[in-house]
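# Structure assessment
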Amino acid sequence: MNDRIRVPEVRLVGPNGETVGIVPTDQALKLAQEADLDLVEIAPQGKPPVCKLMDYGKFKYENAQKAREARRNQTNVIIKEMKLRPKIDAHDYETKKGHVVRFLKAGDKVKITIMFRGREQHRPELGFRLLQRLAEDVTELGFVESAPKQDGRNMIMVLGPHKKKAEAKVEQQHAKEERMAERAAEAAEEAAERATARAAGPVAQKKERGRSENLDPEIEA
């Protein structure tokens, strides 16, 4: 990095961000060598340019680590789509709504499309009311990100989740772990009940056989 700086003087910044001042470039290079650091130009547009004393290798490594962490935390925006008809029956509506609820819980956006056919195209209010109803039914999980609008023969609305994708994944993982723990506890309880039943069974049978063997009809007669 040092050999790229070809100006007579630079505004020098120390390794901890402190301002050293305007110094000749040769002197800045000497200070870098004495401190076993690099002289890195951080603001070439400055007059004079601003340079900083730093460990450039460490700087690149830390930046790469930050970029890797940012990519790991980055969530891809996924838009699911659900199509409905203006005159959808109650059962189909509940089924479609269930899918929308599942998508929103997973942190996904949902594009709702109302498809008009034939004379239905002259009744856009049917689709608008249906979209309003759906938005109200899932208001605890999502919000209207894009208001209903006509798009040719269709009417479209986009619902956004209240929770981010990462948060939804964490909640789903916790819920999964809780269900697994509950099933494990139930299985352990059933196994304990079976073990208790097996242990009590032979004792009861032995006592019953003992009583029957001692009952001699001739003695009582």
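Look above for the structure.
Note that the coordinates shown come from a computational prediction; the quantities given were computed from them, not determined experimentally.

Take a negative patch on the surface next. On the surface, a cluster of negative charge is contributed by Glu-177, Glu-178, Glu-182, Glu-186, Glu-189, Glu-190 and Glu-193. Looking at the secondary structure, you find Glu-182 in helix H5 (residues 165–214).

Moving on: the sheet that holds strand S5 (residues 79–84). Ordered in space as S5-S6-S8-S7, the 4 strands form an open sheet in which the pairing is mixed. One side of each edge strand has no neighbouring strand; the edge strands of this open sheet are S5 and strand S7 (142–151). The mean inter-strand angle of the sheet, taken between neighbouring strand axes irrespective of direction, is 20 degrees. Sheet analysis places S5 next to strand S6 (residues 109–115), joined by 6 bridges and oriented parallel. Opposite Ile-79, over in S6, you have Lys-109 as the bridge partner. Of the strands in this sheet, S5, S6, S7 and strand S8 (154–161) touch helix H3 (residues 90–105), which is tilted by about 170 degrees from S5. Helix-sheet contacts for helix H4 (residues 124–137) involve S5, S6, S7 and S8, and the interaxial angle to S8 is about 10 degrees.

Before going further, it helps to examine the sheet that holds strand S1 (residues 9–13). Read across the sheet, 4 strands follow the order S2-S1-S4-S3 without closing on themselves; strand pairing throughout is mixed. Two strands in the sheet have a free side with no partner beyond their single neighbour: strand S2 (19–24) and strand S3 (38–43). Going from strand to strand, the sheet's axes swing by 35 degrees on average, the running direction of each strand aside. Seen against the sheet, helix H1 (residues 25–34) touches S1, S2, S3 and strand S4 (50–54) and runs at an angle of roughly 125 degrees to S2.

Definitions and cut-offs
- Residues numbered from 1 in each chain as written.
- Predicted model: local features only at pLDDT ≥ 70, side-chain atom pairs only at ≥ 80, totals over all residues.
- Heavy atoms only, no water.
- Patch = residues over 30% accessible without salt bridge, like charges linked within 9 Å, V, L, I, M, F, W, Y side chains within 5 Å.
- Areas by Shrake-Rupley, 256 points an atom, 1.4 Å probe, with all protein chains shown as cover.
- Salt bridge = Lys/Arg side-chain N within 4 Å of Asp/Glu carboxyl O.
- Lys, Arg positive; Asp, Glu negative; His and termini not counted.
- Charge placed at Lys NZ, Arg CZ, Asp CG, Glu CD.
- Helix = DSSP H or I, 4+ residues; strand = E, 2+ residues; numbered from the N terminus.
- Pairing = 2+ DSSP bridges.
- Axes fitted to C-alpha atoms, helices over the stretch in contact; angles between N-to-C directions.
- Contact = heavy atoms within 4.5 Å.

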